[in-house]
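Given next are the chains, with one letter for each unit.
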Amino acid sequence: MNYALQIDRLKKNYGDHTVLKGLNFNVEKGEIFALLGVNGAGKTTALECIEGLRKYDGGSIVVNGRRGIQLQSASLPDYIRPMEAVRLFAKWNKTKIDHSMLSTLGINELAKTLYTDLSTGQKRRLHLALALIGNPDIVFLDEPTAGLDVEGRISLHDQIRKLKSQGKTIILASHDMAEVESLCDRIAILNDGNIVFWGTVAELTSKVGKRYILHIKTEQGEENFESDNIGDTMLTLLEDFKQRGIAVTDIKIDRGTLEQHFINIARGKSE
Ligand SMILES: Nc1ncnc2c1ncn2[C@@H]1O[C@H](COP(=O)(O)OP(=O)(O)OP(=O)(O)O)[C@@H](O)[C@H]1O
């Protein structure tokens, strides 16, 4: 297999707090891959170890290709202008400025604005341009569309798809299932320092397809139940309520969404 990234038993502690307990996953060349997990799951820590920005305490990381890392907001000085930042990054990377990439990302039109005066979307576009300056094979994006409006998200998603069509591998951390469903080939879900799901979005979706949430209202309130076998679950529950002498007043069945399923996995409920 042609891997861009091979992570084997990656461990990271902050003092006596073990954040990554031995992560194993691979990312194929040319795919868009997302690391998902609730707040504090360890996504940024894992990305920073892989990016080479943070030391880790065990395991191995193999990166096959040049890395390009999107800066976090607030990483550039307020009074730098976009083209000054571009020139600096080109110098550090010992490379020529790719004006066609800058124009695709609309950086030329921002040339004279101070960094502090750029909108969130414009900053994100600049950060992406700076990540692309050394023509990397693997591009790392930490929550690339957080805080963007719908138009900004669509435009950034188009840029990310374009990078994939150029053969680049994209690795992103995200909270946003809609983003992940529309963009990513494969995902890993982090929970409590471990990978609890690794696979394609279709594989996760197929699991969700079988999952139902049953809302049963009784005179005592509403209770929710999850099931893969809605018929059997409903019969068992109705029998149980009957035996306890509780009157059922309403029943609603929801097919669980991908997001709901993700949250259940990420919070450690069994599949
Ligand atoms: N520099 C640090 N020193 C000590 N603890 C840290 C440090 N950075 C992160 N942590 C802790 O490590 C855990 C994982 O944090 P991390 O930022 O990697 O998670 P995350 O999944 O990216 O979260 P979020 O979605 O909120 O960005 C958290 O409990 C956090 O408090």
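About the criteria used
- Residues numbered from 1 in each chain as written.
- Predicted model: local features only at pLDDT ≥ 70, side-chain atom pairs only at ≥ 80, totals over all residues.
- Buried ≥ 20, exposed ≤ 12 C-beta atoms within 10 Å, placed from the backbone.
- Helix = DSSP H or I, 4+ residues; strand = E, 2+ residues; numbered from the N terminus.
- Pairing = 2+ DSSP bridges.
- Right-handed = clockwise from strand over helix to strand, strands pointing away.
- Near = placed C-beta within 6 Å.
- Nonpolar A, V, L, I, M, F, W, Y, C, P; charged D, E, K, R; others polar.
- Axes fitted to C-alpha atoms, helices over the stretch in contact; angles between N-to-C directions.
- Contact = placed C-beta atoms within 7 Å.
- pLDDT = per-residue confidence, 0-100.
- Core = buried A, V, L, I, M, F, W, Y, C linked by C-beta atoms within 7 Å.

- In the nomenclature of an unreviewed UniProt entry, the protein corresponds to ABC transporter ATP-binding protein from the organism Kineothrix sedimenti.

## Re the pairing of strand 6 (residues 138-142)
Then step 1. Within strand 6, five of the five residues are buried, which leaves the element mostly enclosed by the surrounding structure.
Then step 2. The alternating pattern of strand 6 places I138, F140 and D142 and V139 and L141 on opposite faces, both of which are buried.
Then step 3. For strand 6 and strand 7 (residues 169-174), the ladder comprises five bridges, and the chain directions are parallel. Its bridge partner lying in strand 7, L141 is registered against L172.
Then step 4. Note that the unit made of strand 6, helix 5 (residues 150-165) and strand 7 has a crossover that is right-handed.

## As for the site of the ligand
Then step 1. The environment of the ligand is made up of Y14, V19, G37, N39, G40, A41, G42, K43, T44 and T45.
Then step 2. Across the shell around the ligand, the residue classes tally to three nonpolar, six polar and one charged.

## Describing the sheet that holds strand 4 (residues 58-63)
Then step 1. An order of 2-1-4 is seen for the three strands of this open sheet, with the pairing classed as antiparallel. Only two strands of the sheet have a single neighbouring strand rather than two, namely strand 2 (17-28) and strand 4. Neighbour-to-neighbour, the strand axes of the sheet open up by a mean angle of 15 degrees, direction not taken into account.
Then step 2. Against the sheet, helix 1 (residues 43-51) makes contact with strand 1 (3-14), strand 2 and strand 4, and its axis sits at roughly 120 degrees relative to strand 1, the strand it touches most.

## A short note on the confidence of the model for the protein
Then step 1. Of all residues in the protein, 94% have pLDDT values of 70 or greater, and the mean over the chain is 88.
Then step 2. The ipTM assigned to the predicted complex is 0.96, against a pTM of 0.79.

## Brief notes about the nonpolar core
Then step 1. Core analysis: the biggest nonpolar cluster contains 56 residues, and A129 and I170 have the highest contact counts within it.
Then step 2. Here I170 is in contact with I32, F33, V139, L141, I160, L163 and K164, once residues within four sequence places are set aside.

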